[in-house]
Amino acid sequence: MLRLRSQAVAKFKSHLFGGDHPSAISAAAIVAAGRKYSSESPVPESADVVIIGGGSAGCNALYQLSKRGVRAVLLEKSKLTAGTTWHTAGLVWRLRPNDVEIRLLAATRDLLMSLEEETGQNSGWINNGGLFISHSPERLDEYSRLATLGKCFGIESHIIGPEESQKIFPALDPSSFTGALYSPGDGVVDPAMMCTALTKGATANGGRVIEECTVTQIITGENLLGMKDVRGVLTNKGTIRTNTVVNATGVWGRDLIEPLGVFLPLIPMKHAYVVSETMDTIHQMLPNVRDHDFSLYFRIQGKSICMGGYENNPILLNRVPGDFHFGLYDLDYSVFDTHIQGAVKLCPAFGSAGIKSTICGPESFTPDHKPLMGPDPTVSGLFHSVGYNSAGMMLGGGCAEQLAKWIINERPDRHMFAYDVRRFTPKQKKALNWATERSHEAYAKNYSIVFPHDEPLAGRNFTVDPFHKQMIQYGAVMEERHGWERPGYFLPDETVVVQPYDWYGYYDHPKNANTHYEEALKGDYKFGFSEHHDLIGEEALTCRHDAALFNLSYFCKLFLTGSQAKEAAEWIFTANLDKPINKTVYTCALNKHGGVEGDVTVSIVESGLGGLHDPIFKGRGYYIVAGGASAYHTKCHILSAIQEKAFRAVVSDHTEELGVLSLQGPKSRDILQKITDFDLSNEQLLPLNSTAILTIKINPHYSCNVRVLRVSFVGELGYELHIPEESCNDVYNALMKAGYKESLRNAGYRALYSLSSEKGYHLWGFDLRSDDTPIEANLGFVCRKDGEYQGKEIIDRQRENGVNRRLAFFTVRDQVPIWGLEAVYRDGEIVGHLRRGEYGYTLQKPIGQAYVQRTDGSPITNQFLQSGRYQIEVMGKLYDADCHLRSPFDPKGERLLGIYK
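Being a predicted model, the structure only gives us computed values, none of them experimental. (Residues numbered from 1 in each chain as written. Predicted model: local features only at pLDDT ≥ 70, side-chain atom pairs only at ≥ 80, totals over all residues. Heavy atoms only, no water.)

**Q** Can you break down the overall build of the chain residue by residue, with the values?
**A** Tallying secondary structure elements over the chain gives 22 helices and 40 strands in all. Projecting the C-alpha coordinates of the chain onto the three principal axes gives extents of approximately 85 × 65 × 60 Å. In the chain, which comprises 901 residues, the proportion classed as buried is 63%. Expressed as a percentage of contacts within the chain between residues at least 6 apart in sequence, the contacts between residues at least 24 apart total 73%. If you sum the accessible surface of the chain, you get close to 32800 Å²; carbon and sulfur atoms cover 49% of it. A distance of 3 Å separates the average location of the 93 positive side-chain charges in the chain from that of its 104 negative side-chain charges. (Helix = DSSP H or I, 4+ residues; strand = E, 2+ residues; numbered from the N terminus. Buried < 20%, exposed > 50% of the residue type's maximum accessible area, 1.4 Å probe, protein only. Contact = heavy atoms within 4.5 Å. Areas by Shrake-Rupley, 256 points an atom, 1.4 Å probe, with all protein chains shown as cover. Lys, Arg positive; Asp, Glu negative; His and termini not counted. Charge placed at Lys NZ, Arg CZ, Asp CG, Glu CD.)

**Q** Lay out the UniProt feature "domain: GCVT N-terminal" (unreviewed entry) in the chain with the relevant residues and their values.
**A** Mapped onto this numbering, the UniProt entry annotates "domain: GCVT N-terminal" (unreviewed entry) at residues 467–786. Helix makes up 24% of residues 467–786 and strand 26%, and the two end C-alpha atoms of the span are 43 Å apart. (UniProt positions renumbered as here; feature names shortened; annotations may be inferred.)

**Q** Quick one: what's the story with the pattern of salt bridges, residue by residue and with numbers?
**A** Within this structure, the stated rule accounts for 56 salt bridges. The partner of R481 in a salt bridge is E479, and the shortest N-O contact between them spans 3.9 Å. A residue is classified by how much of its surface remains accessible, and R481, at 23% relative accessible area, is partly exposed. Two residues, K674 and E742, come together in a salt bridge whose shortest N-O distance is 3.2 Å. Taken together, the residues K674 in the loop between α18 (668–673) and β31 (691–699) and E742 in the loop between α19 (728–738) and β34 (745–747) connect sequence positions 68 residues apart. (Salt bridge = Lys/Arg side-chain N within 4 Å of Asp/Glu carboxyl O.)

**Q** How would you summarise helix α12 (residues 432–444) if you had to cite specific residues and measurements?
**A** Given a rise of 1.5 Å per residue, 13 residues ought to cover 18 Å, and the 18 Å separating the end C-alpha atoms of α12 matches this to within 8%. Counted residue by residue, α12 has 10 buried out of 13 residues, so it is predominantly covered. Looking at α12, one finds that the buried residues are W434, A435, T436, R438, S439, H440, E441, A442, Y443 and A444. Looking at the buried residues of α12, the elements they touch are β14 (267–276), β17 (304–309), β18 (355–365), α11 (426–430) and β22 (476–481). (Expected span 1.5 Å × (residues − 1).)

**Q** So, the packing of helix α3 (residues 56–67) against helix α7 (residues 191–204): which residues are in play, and what are the values?
**A** The contact between α3 and α7 brings their axes to 8 Å, and the two run at 25 degrees. One way to sum up the angle between α3 and α7 is to call them roughly parallel. You can see that α3 and α7 cross each other, and the crossing is left-handed. Here α3 contributes S56, C59, N60, L62, Y63 and S66 to the contact with α7, which in turn contributes M194, C195, L198, T199, G201 and A202. For the contact of α3 with α7, the class distribution of residues is seven nonpolar, five polar and no charged. (Axes fitted to C-alpha atoms, helices over the stretch in contact; angles between N-to-C directions. Parallel < 35°, antiparallel > 145°, perpendicular 65-115°, else oblique. Left-handed = near helix turned anticlockwise from the far one by under 90°. Nonpolar A, V, L, I, M, F, W, Y, C, P; charged D, E, K, R; others polar.)

**Q** I'd like a description of the sheet that holds β34, backed by residues and values.
**A** Strand order in the open sheet formed by six strands is β31-β32-β33-β30-β24-β34, with mixed pairing between adjacent strands. The outermost strands of the open sheet, each flanked by one partner alone, are β31 and β34. For this sheet the average axis-to-axis angle between neighbouring strands, irrespective of direction, equals 35 degrees. The sheet contact formed by strand β24 (residues 548–551) and strand β30 (residues 658–664) spans four bridges and is antiparallel. The residue of β30 that forms the bridge with A548 is Q664. (Pairing = 2+ DSSP bridges.)

**Q** Now, about a negative patch on the surface: what can you tell me, with residues and values included?
**A** Together, E656, E657, E725 and E726 make up a region of like negative charge exposed at the surface. On the accessibility criterion, E725 (44% relative accessible area) is partly exposed. (Patch = residues over 30% accessible without salt bridge, like charges linked within 9 Å, V, L, I, M, F, W, Y side chains within 5 Å.)

**Q** Let's hear about empty space enclosed by the protein: which residues, and what values?
**A** Here the structure, examined in full by the defined rule, presents nine cavities of 30 Å³ or more. Here the largest cavity is characterised by a volume of approximately 270 Å³. Mapped onto the lining of the largest cavity, the elements with two or more residues apiece are β14, β18 and α10 (392–409). It is α10 that contributes the most residues to the lining of the largest cavity, four residues altogether. Residues belonging to the lining of the largest cavity are distributed by class as follows: 14 nonpolar, nine polar and four charged. (1 Å grid on protein atoms, 1.4 Å probe; cavity = no way out; pocket = protein on both sides within 12 Å on 5 of 7 lines; lining within 4 Å. Points joined across faces, edges and corners; volume = space filled by probe spheres on them.)

**Q** I'd like a rundown of unusual backbone geometry, residues and numbers included.
**A** For S295, which is not a glycine, the phi torsion comes out positive at approximately 55 degrees. Residue placement: S295 occurs in the loop between β15 (288–291) and β16 (296–301). A relative accessible area of 12% places S295 in the buried class.

**Q** Residues and numbers for the UniProt feature "domain: FAD dependent oxidoreductase central" (unreviewed entry) in the chain, please.
**A** Per the UniProt record, "domain: FAD dependent oxidoreductase central" (unreviewed entry) is annotated on residues 411–463. From the first C-alpha to the last, residues 411–463 spans 30 Å; its make-up is 34% helix and 0% strand.

**Q** An account of the layout of surface pockets is requested, with residue identities and associated values reported.
**A** The volume enclosed by the second largest pocket comes to roughly 900 Å³. For the second largest pocket, the lining is made up of 35 residues, of which P375, S380, R422, S640 and A641 are closest to its centre. When residues of the lining of the second largest pocket are traced back to their parent elements, those giving at least two are β20 (379–380), β21 (382–386), α10 and α17 (631–645). Broken down by element, the lining of the second largest pocket gets its largest block of residues, 11 residues, from α17. Taken together, the residues of the lining of the second largest pocket sort by class into 16 nonpolar, 11 polar and eight charged.

The following block contains the structure:
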């Protein structure tokens, strides 16, 4: 039986600050820090950057900024590590199902291993390794994917059996699990020692730390274009002038900024672990353990096990008191007991050891379990580094390095969109109920298998487009992106409704009786082909052979107008926009490093009749359409460029006011022609890549106007109809009626992305990111050689000197599903990994895109790409693949012109 001992907080602190092993949190380190950073220190009159918060995020930011010559000062209202850092478990893993996160983790680990040599201060890093425990074939498949991706970054790991796992960690019961992933490079860090080493390194480079310094106000002004900007901070010790503030206040991340009208989706919760009595079979160099299926972890602390996890019913907090510096809560065993049961099954000796101490403190969590970082889009000079979801130790160093580059260079050098605060819309950031639901589910599912097509149950139907009810009526299985509902695929003769969130049956919420949507999702809970694979294929092939209707309403839709709209467009976008009215151009928007911040279509338009799709304005205007999953990011990038250059230009957002239907396929022209008198067969009136205002006949007595773009995201003859909200349902019904005899069917994003990938088109955030340039991505053709645009210097240099990595298209010869993150081999050597994996239903092959990199640093050529023997590693097995410079599907683009042979 497990012997539970109730411990007073005083005894816990005595234990936690005591101990003679290096992993114990050191009270001496905190006291020493307090002596060095006197609370009597006066604040400086000014600083380049003021960092608010002295936890992991703040100390790492101070170190990285000071290292780069920035005059930075850190203000902590109590003592360093107060809040959540001081009681954290300090686990550091190396493998994640994301290449960017793997690099961030590597940067943290490298820093922890080098700090002592640099500063003379032990960082508290212990390299004791890590074990990921598996109880199912699907979990072991996930671990195989992690191991494969790790190979691309030189990370050693091994899939091992229960008996071999027990040899590494003798206290485990090998009969309780089916396998494991062993990562010998994992470890643990002492938070107090780490922060002491970081601040010692920072002060050696001119950084300052002032403790017991409470920031009471961020002082703002207004720039010439009417945007708030940071002017300084007001503290209990005086005022500091600065133009840059980093919000690193952890669980208090919302409190200081809400008076500025700034909101963050940041939810505090109680998070706990327990410390066992000493155990004979435990020693410090045993690996830490993560049992994802039991949703728990072991962190080795001397001869004890610290055990914690993620339960389905965490205790949610509204606010954490401002003076809760080194406070703890009593542990609620009714919540925590599920972890104890799992721990005893996995490690029976833990059950008889007894509990020495309980640690239950506040932590901050976010709707997608990712940090909130980067510049605030509403207050210039305000940066965020909060919401680390109890992973601040392992992510802190890598994230702070990127944040420092963000502040100094205006962009990080990694693709940080998954952490960028601009991934959430203003509407999402203000919706506390939505953020709470989503953060709860993200917490509860933190250790769940990351399947490629899983969907959240919380916070659904937050934003729906005008066609939502019709989508449901036709059997749509909805997905959620950027707060919007969109159709993933359609189940014939079924109705699948996303139910209100039931909180997994906790907090007095009854579990939903209707589980149809959850059952549909389970068809994708595998790394083999989805149970919906053939159905999605039918949608895709209908588009290729007849016609399909896609609902793209959540796409970003902006009008750029004003007296300097032309100058703004030419600076922001890479393509030549000196085109006739009604021409539509595909183009990129770059950052100053040449990385792609967005790829969009821009239509050159003139003033209209005043409709949402056809607004009135002076001069030349630009209608910008971008992907929906990054809509707010795209808008912010455009606005930022306008602000920086002080262009007299206005951006009007019509995203929620216009629905979009994309009619694609060989019969699309015939179908659309049935409901308009506009001569679609006249290529002079509406050629490929152009726009026009069309009148759509709803019935003999009623018609409406829409904007039509003749573009395609799937490589077919097709038309996008951009429709005022009030006409959306009528136009949809008219199209479905007109297409009935032409075999028109609804199709979702699963088919859309398959078709798009098969054609070789890019998908921003996957095979096209902010750390990719157009030259590397084979998009040099959208970058003009004349004039100036942001990032052009980099593009010109790459055109002249070449690049050492390039995007290539792969087809796999075997019928094996690929999802992205699979390693790519050339002549037996790893040269990259798949950024994106799909199945090409027309090619009848798995397809994917990867950036192939030369390991010798030489420029990559067509001859190099085409000459090697390629293989793709899927779940630890190598499959032969063919490399293509571009997709073999319709290489001449004849289908786009309506030429079907």
